[in-house]
Amino acid sequence: MARVMGVRSADTSVELEVVPTGFGVAAGSVVVVGSALVAAAVPPAGGALRLGLVAGCLGVFAAAPVTAIAAAGTGVLAFLVFNGFLVNALGELSWHGAADGSRLLALGIALATGFAAGRAYRAVNSWLRWRRFTLWIATQARQAAGRDEEPGSPEELALHTRGIAHG
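Our subject in this report is the structure included herewith. (Residues numbered from 1 in each chain as written. Predicted model: local features only at pLDDT ≥ 70, side-chain atom pairs only at ≥ 80, totals over all residues. Heavy atoms only, no water.)

1. Re the overall build of the protein
Working step 1: A count of helices and strands for the protein gives 5 helices and 2 strands.
Working step 2: Along its sequence from the N terminus, the protein presents helices and strands in the succession β-β-α-α-α-α-α.
Working step 3: Looking at the protein residue by residue over its 167 residues, the buried ones come to 28%.
Working step 4: In the protein, 50% of the contacts between residues at least 6 apart in sequence involve partners at least 24 apart.
Working step 5: Accessible area of the protein: about 9900 Å², with a carbon and sulfur share of 68%. (Helix = DSSP H or I, 4+ residues; strand = E, 2+ residues; numbered from the N terminus. Buried < 20%, exposed > 50% of the residue type's maximum accessible area, 1.4 Å probe, protein only. Contact = heavy atoms within 4.5 Å. Areas by Shrake-Rupley, 256 points an atom, 1.4 Å probe, with all protein chains shown as cover.)

Have a look at this one:
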């Protein structure tokens with residue numbers, strides 16, 4: 001099921017849908033495989049560049065409106081694909097100590113940064129939509145009361161929306 005974030009009203013529907021977890025993991029799988037194919041074109045000596053490509057794609061995916069579970073699952077999948085196909089050969093998974101720890105940390109930071117940036121963007125966007133909607137309502141109330149002048153402060157705006165003249 002998709003979570004709904006935002007505001008619903010009788011007259012308007014301002015809502016931001018979050019992609020269901022299953023579809024988010026499926027889309028993340030496509031992103032991981034595509035980024036691994038692009039990173040495979042880089043020679044094995046450029047391990048940091050390969051990791052940067054996969055981490056960048058993971059961060060951009062995490063910024064999309066997906067659930068935290070889908071983003072974390074995609075992060076785990078990214079590490080497994082990177083370790084199995086880009087570090088080792090033919091999908092063989094093994095632990096390389098501190099090197100794999102730093103790769104896991106880099107992917108985790110990219111995931112957390114992308115997820116936080118996406119949430120912040122959607123929160124600001126939702127707040128701006130709500131602000132525009134409330135200002136539109138206030139304008140409609142002023143026009144209905146026969147006052148077309150713009151109020152100078154938020155207090156005047158609140159008084160105008162209640163139909164009380166500010167002196």
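2. Things to note about the pattern of salt bridges
Working step 1: One pass over the full model with this rule turns up 1 salt bridge.
Working step 2: One salt bridge in this structure joins aspartate 100 and arginine 103, with 2.5 Å as the shortest N-O distance. With aspartate 100 and arginine 103 both in helix α4 (residues 98-145), this residue pair falls 3 residues apart, about one helical turn. Of the two residues examined, aspartate 100 and arginine 103, each falls in the buried class. (Salt bridge = Lys/Arg side-chain N within 4 Å of Asp/Glu carboxyl O.)

3. Notes on the nonpolar core
Working step 1: By size, the foremost hydrophobic cluster in this structure holds 20 residues, and its most contacted members are Val54, Leu86 and Leu107.
Working step 2: Residue assignment for this core shows that the elements contributing at least two residues are α1 (21-40), α2 (47-63), α3 (68-87) and α4.
Working step 3: With 7 residues, α3 is the single largest residue contributor to this core.
Working step 4: Not counting chain neighbours up to four residues away, the residues in contact with leucine 107 comprise Leu51, Val54, Ala55, Leu58, Ala78 and Phe79. (Core = buried A, V, L, I, M, F, W, Y, C linked by side-chain atoms within 4.5 Å.)

4. Some remarks on unusual backbone geometry
Working step 1: For leucine 90, which is not a glycine, the phi torsion comes out positive at approximately 60 degrees.
Working step 2: Looking at the secondary structure, you find leucine 90 in the loop between α3 and α4.

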